[in-house]
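Structural overview
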Amino acid sequence: MGAGQVLVVGGANMDIIASAGQALRSGDSTPGSVRWSPGGVARNVAENLARLGDAVGLISAVGDDAPGHALLAATRQAGVNVSGCQLLIGAATASYVSVHEPDGTLALAVNDMQVLERLTPASLEPQAQAVRDAMLLVLDCNLSDAALGWVFAQRGSAPVFADAVSATKCLRLRPWLAQIHTLKLNRLEAQALSGLPVNSPAEIEAAARALHGQGMAQVVVSLGAQGLYFSGATQRGWQAALAVPVLNTTGAGDALLAGLVHSHLQHAALPEAARFAAGCAALTLTTPSANHPDLSAALVAQCLNEHATR
């Protein structure tokens, strides 16, 4: 990996997506469809960035098994530099199993991310120069405390964008909040990190201010169908979600983060970045997998223009 790349560090897993054909009933079998597709927060962000035209590399770990080889091949084919990914003998590639209602809403999910525990400071050391050379770093909280600490210790002056991942895992970021440029999180994660309730727009704004007080330049709170709240040093506001037919919600948040990163690289103002990111998320919602196979800056612009004229 060389200088001039966005470097994404975190999870790569195989998504196993079950979509119910009728309303789910607890304790019973429901007819539907099951698909396998490449996933993982960091990996999804990296693929989306590559499709948007950015030079991007991925640091992650997969098992030396069929899913692991398939993940690396698909990610490489999308345009991501995967030379920093570890292929581990005897380890099982991470997997994320999700069950969705007929309208695409996530009902429940189980993840097995044990392989990422093998991303230790010692195993990451060969990538130290790549981290120092990166033009921008993207991290997800699937990384352990030790791995996160190593990345922050190695980074140069590159801005850091982070994905909170979950209300539990986001707490791993607490020691490093002052070093994060942009944090993307949802309502529950915002509450966990800020320690404040987030039940109303005013409370969401207050939680964002509290996170700014810990050093972050930008905070973006994703609210699903309610859109998102963005807050920076001088610009803040609300971006509505784009109305699209939803096939699958998995990956929309990762596309949102990729849109924010891409917009930052294009020197876009935060409101413009939020709008572009909302377009990336909307397009991803319309696909059955976690990544839109035809995502591009031009397609996002077309989507935004169509919604602007409605």
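Below: a short report on this structure. (Residues numbered from 1 in each chain as written. Predicted model: local features only at pLDDT ≥ 70, side-chain atom pairs only at ≥ 80, totals over all residues. Heavy atoms only, no water.)

Here we have eight strands laid out as an open sheet, ordered β4-β1-β9-β10-β11-β12-β13-β14, and mixed in their pairing. At either margin of the open sheet sits one strand with a lone partner, and together these are β4 (56-59) and β14 (236-239). Each adjacent strand pair in this sheet contributes to an overall mean axis angle of 15°, direction not counted. Sheet topology places strand β13 (residues 228-231) next to β14; four bridges connect them, and they run antiparallel. By the bridge assignment, Tyr-229 is partnered in β14 with Trp-238. Contacts between helix α6 (residues 187-194) and the sheet are confined to β11 (182-186) and β12 (218-222), with β11 contributing the most and set at about 115° to the helix. (Pairing = 2+ DSSP bridges. Helix = DSSP H or I, 4+ residues; strand = E, 2+ residues; numbered from the N terminus. Axes fitted to C-alpha atoms, helices over the stretch in contact; angles between N-to-C directions. Contact = heavy atoms within 4.5 Å.)

The strand order across the open sheet built from four strands is β3-β2-β7-β8, with neighbouring strands paired in mixed fashion. Looking at strand neighbours, the two that pair on one side only are β3 (32-39) and β8 (106-112), the edges of this open sheet. Across the sheet, the axes of successive neighbouring strands diverge by a mean angle of 15°, strand direction being ignored. Pairing analysis gives six bridges linking strand β2 (residues 13-20) to strand β7 (residues 95-100), with the strands arranged parallel. In the sheet register, Ser-19 faces β7, and the bridge partner there is His-100. In the packing of helix α2 (residues 66-77) onto the sheet, the strands contacted are β2 and β3, and the crossing angle to β2 comes to about 95°.

Time to look at unusual backbone geometry. Of note in this structure, Val-165 is not a glycine but carries a positive phi near 75°. For Val-165, the position within the fold is in the loop between β10 (160-163) and β11. Positive phi values are uncommon outside glycine, yet His-267 reaches one of about 60°. Within the fold, His-267 resides in the loop between α8 (252-265) and α9 (270-285).

Attention now moves to α2. Helix length check: α2 (twelve residues) gives 16 Å between terminal C-alpha atoms against 16 Å at 1.5 Å per residue, within 8%. Those residues of α2 not exposed but buried are Gly-68, Leu-71, Leu-72 and Thr-75. Viewed end-on, α2 has its buried residues packed into an arc of 90°, placing them on one side of the element. Among the exposed residues of α2, those oriented more than 90 degrees off its buried face are Ala-66 and Gln-77. Looking at the packing, one finds that the buried side of α2 touches β2, β3, α1 (41-51), β4, β5 (61-63) and β6 (86-88). Of the residues that open α2, the one with a side-chain oxygen 2.8 Å from the backbone nitrogen of Gly-68 is Asp-65. Downstream of α2 by one or two residues, Gly-79 has phi in the positive range, about 110°. (Expected span 1.5 Å × (residues − 1). Buried < 20%, exposed > 50% of the residue type's maximum accessible area, 1.4 Å probe, protein only. Arc of directions from axis to C-beta. Polar contact = N/O pair within 3.5 Å; in protein donor to acceptor, adjacent residues only side chain to side chain.)

Following both chains from N to C, one finds α9 and helix α10 (residues 297-308) inclined at 95°, their axes separated by 9 Å at the closest point. Our classification of the angle between α9 and α10 gives roughly perpendicular. On α10, the residues that touch Arg-275, Phe-276, Gly-279, Cys-280 and Leu-283 of α9 are Ala-297, Leu-299, Val-300, Cys-303, Leu-304 and Ala-308. (Parallel < 35°, antiparallel > 145°, perpendicular 65-115°, else oblique.)

Attention now goes to the side chain of His-292. The residue His-292 is located in the loop between α9 and α10 in this model. If sequence neighbours within four positions are ignored, His-292 has contacts with Arg-51, Leu-283, Thr-284, Thr-286, Thr-287 and Leu-299.

Moving on to the environment of Ala-128. When you line up the elements, Ala-128 lands in helix α4 (residues 128-133). Along the chain, Ala-128 and Ala-273 lie 145 residues apart, while their C-alpha atoms are 30 Å from each other. Filtering out sequence-adjacent residues up to four positions away, Ala-128 remains in contact with Trp-150 and Gln-154.

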